[in-house]
Amino acid sequence: MIPPKKNSRRKILIPWKALLSLILLGLASSPSVAAPDLSADNVLRAHLWHDLIKKSPSERPTIGLVLSAGGTRASSHIGVISTLQEAGFPIDVVAGTSMGAIIGSLYAAGKPPETLRKLSLSMTAKTSTNFGPLSLLEYILYQKFFSSEKIGKFLQLELGNRRFEDLPKPFACVAMDINSGEAIIFREGHVAPAVRASANLPGIFEPVKYRHRYLVDGAIVDYVPVDAARLLGAKWVLASVTQDDYTRAKPNNVLSSLQQIIDIRGALILNAQKKSANFVIEPPVGHVPSAGGTSLYATPTPWIIDRGSLAASRALKKAEESYILFSMPSFARSQLPKSKGRPQ
């Protein structure tokens, strides 16, 4: 008698290409999963993008992320950052103004998006000055400015004594010299006091004395600091812009009136600045007031941050295409065989 084989089943070998086809066919036929885009354009874009981002920053055009001013609206920058990071979109340098400078400095210091989200949602309790009746009366009668010291303490707590040169990502922020109206771009020295100056609301907070200058909010002169990112070496700039729809706003106190003046002033220079960027993402938060009630910044709700995530997700492929097209001349040169020098 012939003993039975321990395993009489024959192994069926399926070629990997056939297996891939079956998987794709299953995805395409599934009602709950969107079919992947296998068009020639999309496949080529994905291939070029993959080749570009695996290069070191020195081998491709430097990417700069610019974060606009905007008070509470600017918390949507966190959503933009989160989406870009999840997608593997490289950010080499960062620049920001006002609230964009606060978020940008923390991101450049290595804070992950989830930490930025938590800090943003608790920022009012830690950093804002409340404008109650007594303090406003003192402000009016004694012409005494409030202090942005709380913002400084918050930044000092989160950034320590770090200098711009010590940050994992190169960073710059902008403030305005109130005596000359000059835009001051900071990219060296201690980070915390420079960022405090960049977010120092004029007319409310006492100007910050720093390096023999008296400084206030940089949004008045540089709402979207593309030029600051260029100074850091950015060749291709993505700007996250949270412009106010000030035509719908109805200021009801001193703080909101001053903030609206800054937003209107920013709008006058905004179009030129957006044109100087290579790509712009604009989260739909124009109806959100910069300040809330009697606080410097209203505590942002999660949906404001999520608006930034959604806007970045929708713009992601176009942003990749823009960077690919910008990079093509240098990318093509890198693919050419190196010519051998003639013998001496």
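Residues numbered from 1 in each chain as written. Predicted model: local features only at pLDDT ≥ 70, side-chain atom pairs only at ≥ 80, totals over all residues. Heavy atoms only, no water.

What about the confidence of the model for the protein?
Inference 1: On average, the protein scores 80 in pLDDT, and the residues at 70 or more come to 71%.
Inference 2: Scored below 50 in pLDDT, residues 8-14 shows one contact in the model against residues more than four places distant or in partner chains.
Inference 3: In the predicted structure, residues 292-296 sits below a pLDDT of 50 and forms 21 contacts with residues beyond four places in sequence or in another chain. (pLDDT = per-residue confidence, 0-100. Contact = heavy atoms within 4.5 Å.)

Thoughts on the environment of Ala74
Inference 1: With respect to the helices and strands, the residue Ala74 is situated in the loop between β1 (63-67) and α3 (76-86).
Inference 2: The exposure class assigned to Ala74 is buried, which follows from its relative accessible area of 0%.
Inference 3: Residues Ala74 and Met99, 25 residues apart in the sequence, show an inter-C-alpha distance of 6.2 Å.
Inference 4: Sequence-distant contacts of Ala74, that is, excluding residues within four places in its chain, are made with Ser68, Ala69, Met99, Gly100, Ile103 and Thr242. (Helix = DSSP H or I, 4+ residues; strand = E, 2+ residues; numbered from the N terminus. Buried < 20%, exposed > 50% of the residue type's maximum accessible area, 1.4 Å probe, protein only.)

Notes on the packing of α3 against helix α4 (residues 99-108)
Inference 1: Between α3 and α4, the least distance of the axes is 10 Å, while the angle of their chain directions is 30°. Classified by the interaxial angle, the pair formed by α3 and α4 is roughly parallel. In the crossing of α3 with α4, the sense of the turn from one axis to the other is right-handed. On the side of α3, the interface is formed by His77, Ile78, Ile81 and Gln85, while α4 contributes Gly100, Ile103 and Tyr107.
Inference 2: Classifying every residue of the contact of α3 with α4 by side-chain character gives four nonpolar, three polar and no charged. (Axes fitted to C-alpha atoms, helices over the stretch in contact; angles between N-to-C directions. Parallel < 35°, antiparallel > 145°, perpendicular 65-115°, else oblique. Left-handed = near helix turned anticlockwise from the far one by under 90°. Nonpolar A, V, L, I, M, F, W, Y, C, P; charged D, E, K, R; others polar.)

Points about the packing of α4 against helix α8 (residues 149-159)
Inference 1: Following both chains from N to C, one finds α4 and α8 inclined at 15°, their axes separated by 10 Å at the closest point. Classified by the angle between their axes, α4 and α8 sit roughly parallel to one another. For α4 against α8, the interelement crossing comes out right-handed. On α8, the residues that touch Ile102, Ser105 and Leu106 of α4 are Ile151, Phe154, Leu155, Glu158 and Leu159.
Inference 2: Classifying every residue of the contact of α4 with α8 gives six nonpolar, one polar and one charged.

Description of the pattern of salt bridges
Inference 1: This structure, assessed with the given rule, holds nine salt bridges.
Inference 2: Put simply, Asp92 and Arg60 hold a salt bridge, and the shortest N to O gap is 2.8 Å. A residue pair is termed long-range when its members are at least 10 positions apart, and Asp92 in the loop between α3 and β2 (93-97) and Arg60 in the loop between α2 (40-53) and β1 qualify at 32 residues.
Inference 3: Judged by relative accessible area, Asp92 falls into the buried class, the value being 13%.
Inference 4: Classification of Arg60 as buried rests on a relative accessible area of 7%.
Inference 5: The network of salt bridges with shared partners includes Asp177, Glu182 and Arg213. (Salt bridge = Lys/Arg side-chain N within 4 Å of Asp/Glu carboxyl O.)

Things to note about α4
Inference 1: Most of α4 sits inside the fold, with ten of its ten residues counted as buried.
Inference 2: Turning to α4, its buried residues number three or more, namely Met99, Gly100, Ala101, Ile102, Ile103, Gly104, Ser105, Leu106, Tyr107 and Ala108.

Digging into the packing of aromatic side chains
For any two aromatic rings, the description comes down to two numbers: the centre-to-centre distance and the angle of the planes.
Inference 1: Tallied over the full model, the rule gives six aromatic pairs.
Inference 2: Between Phe186 and Tyr210, the aromatic rings sit 5.5 Å apart at their centres with planes inclined by 50°, giving tilted as the arrangement. Remark: Tyr210 occurs in strand β5 (residues 208-210) and Phe186 occurs in strand β4 (residues 183-186); sequence separation between them is 24 residues. The exposure classification of Phe186 matches that of Tyr210, with both residues buried.
Inference 3: Ring pairs connect the aromatic residues Trp49, Phe89, Trp236 and Tyr323, which therefore count as one cluster. (Phe/Tyr/Trp six-rings, centres within 6.5 Å; stacked < 30°, edge-to-face > 60°.)

Describing the pairing of strand β6 (residues 213-217)
Inference 1: The pairing of strand β3 (residues 171-177) with β6 spans three bridges and is classified as antiparallel. Looking at the pairing, Met176 lines up with Val216 of β6.
Inference 2: Here β5 pairs with β6 via three bridges, running antiparallel. Within β6, the residue paired with Val208 across the bridge is Leu215.
Inference 3: Where β5 folds back onto β6 in an antiparallel hairpin, the turn is made up of two residues, including Arg211, whose phi is positive at roughly 55°. (Pairing = 2+ DSSP bridges.)

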